[in-house]
Amino acid sequence: MTDFMRWMYDHYIKPNIESQPIDEGEALQIDLLNNVLNPQMQKNLQEVLAIYATQSFRLGVRTGIALDSDLG
């Protein structure tokens, strides 16, 4: 992940994701996962989530650009 994409993740993508409401089922799944993983595995999981969230963001931007002429 480039420095720019890491910055985007830390300052835009992650705060946006964390500000979304979650229901009780999602909260339970998150709590169960955090209770099972040791601190190193939690760190590894956060890194993997950062990679996938950043790639998803980039895909969304590319899709928006590609569909601009069709939607505009």
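Residues numbered from 1 in each chain as written. Predicted model: local features only at pLDDT ≥ 70, side-chain atom pairs only at ≥ 80, totals over all residues. Heavy atoms only, no water.

To continue, consider helix 2 (residues 24-36). The terminal C-alpha atoms of helix 2, which comprises 13 residues, lie 18 Å apart, in line with the 18 Å expected from a rise of 1.5 Å per residue. Between the side-chain oxygen at the start of helix 2 and the backbone nitrogen of Gly 25 there is a gap of 3.1 Å, and the oxygen is on Asp 23. (Helix = DSSP H or I, 4+ residues; strand = E, 2+ residues; numbered from the N terminus. Expected span 1.5 Å × (residues − 1). Polar contact = N/O pair within 3.5 Å; in protein donor to acceptor, adjacent residues only side chain to side chain.)

Before going further, it helps to spend a moment on the nonpolar core. Judged by nonpolar contacts, Met 8, Tyr 9, Ile 13, Ala 50 and Ala 53 together constitute the single largest core of 5 residues. Among the elements of the structure, helix 1 (3-18) and helix 3 (39-71) are those that each provide at least two residues to this core. Ranked by residues supplied to this core, first place goes to helix 1 with 3 residues. Here Ile 13 is in contact with Met 8, Ala 53, Thr 54 and Phe 57, once residues within four sequence places are set aside. (Core = buried A, V, L, I, M, F, W, Y, C linked by side-chain atoms within 4.5 Å. Buried < 20%, exposed > 50% of the residue type's maximum accessible area, 1.4 Å probe, protein only. Contact = heavy atoms within 4.5 Å.)

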